[in-house]
Amino acid sequence: MSDELIFQVKQLIIDSLRIEGLSTHDIETDAPLFGEGLGLDSIDALQLVVGMENAFGVVVPDAAVGTKVFQSVRTMADYIAQHAA
């Protein structure tokens, strides 16, 4: 997995969730996205699903897969690398 893909995932998070004042450098690659990490919620997850589909052509088929995919930036990037069209 490339550093470029990690950067793109961080940018996707910022753009999809319209997070003002946050840069890609502020998001830790292995930090949890939900709870203590970025503090995202289920609505944010839905926005990320749509963002991933639009940006990378990757579909998250259900909540069980989503739980694994959205653990961190790294898990998102891994999933995209494995499933990108």
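Since the model is a prediction, treat every value here as computed from it, not as a measurement.

A. Fine view of the packing of helix H1 (residues 3-17) against helix H2 (residues 42-56). Closest axis-to-axis distance for the H1/H2 pair is 9 Å, and the angle between their directions is 125°. If you check the angle between H1 and H2, you find them oblique. The crossing of H1 and H2 is right-handed. Facing Leu 5, Gln 8, Leu 12, Ile 13, Ser 16 and Leu 17 of H1, the residues of H2 in contact are Asp 44, Gln 47, Leu 48, Gly 51, Met 52, Ala 55 and Phe 56. Across the contact of H1 with H2, the residue classes break down as eight nonpolar, four polar and one charged.

B. Fine view of the layout of surface pockets. The computed volume of the largest pocket comes to approximately 160 Å³. If you go around the largest pocket, the residues you meet are Ser 42, Ala 45, Leu 46, Val 49, Val 60, Pro 61, Asp 62, Ala 63, Gly 66, Thr 67 and Phe 70. Elements with a minimum of two residues in the lining of the largest pocket: H2 and helix H3 (63-69). It is H2 that provides the largest number of residues to the lining of the largest pocket, a total of four residues.

C. Inspection of unusual backbone geometry at higher detail. A positive phi angle is found at Arg 18, which is not glycine, with a value near 50°. Mapped onto the elements of the fold, Arg 18 is located in the loop between H1 and H2. With relative accessibility at 67%, the residue Arg 18 sits in the exposed group.

D. Representation of the nonpolar core within the structure. Counting 22 residues, the largest nonpolar core has Val 9, Ile 13, Met 52, Phe 70 and Met 76 as the members making the most contacts within it. Looking at this core, the elements that each hand over two or more residues are H1, H2 and helix H4 (73-83). Per-element tally for this core: the top contributor is H1, with seven residues. Those residues within four positions of Phe 70 in sequence are excluded, and the remaining contacts are Leu 33, Phe 34, Ala 45, Leu 48, Val 49, Met 52, Val 60, Thr 75 and Met 76.

Cut-off values and rules
Residues numbered from 1 in each chain as written. Predicted model: local features only at pLDDT ≥ 70, side-chain atom pairs only at ≥ 80, totals over all residues. Heavy atoms only, no water. Axes fitted to C-alpha atoms, helices over the stretch in contact; angles between N-to-C directions. Helix = DSSP H or I, 4+ residues; strand = E, 2+ residues; numbered from the N terminus. Parallel < 35°, antiparallel > 145°, perpendicular 65-115°, else oblique. Left-handed = near helix turned anticlockwise from the far one by under 90°. Contact = heavy atoms within 4.5 Å. Nonpolar A, V, L, I, M, F, W, Y, C, P; charged D, E, K, R; others polar. 1 Å grid on protein atoms, 1.4 Å probe; cavity = no way out; pocket = protein on both sides within 12 Å on 5 of 7 lines; lining within 4 Å. Points joined across faces, edges and corners; volume = space filled by probe spheres on them. Buried < 20%, exposed > 50% of the residue type's maximum accessible area, 1.4 Å probe, protein only. Core = buried A, V, L, I, M, F, W, Y, C linked by side-chain atoms within 4.5 Å.

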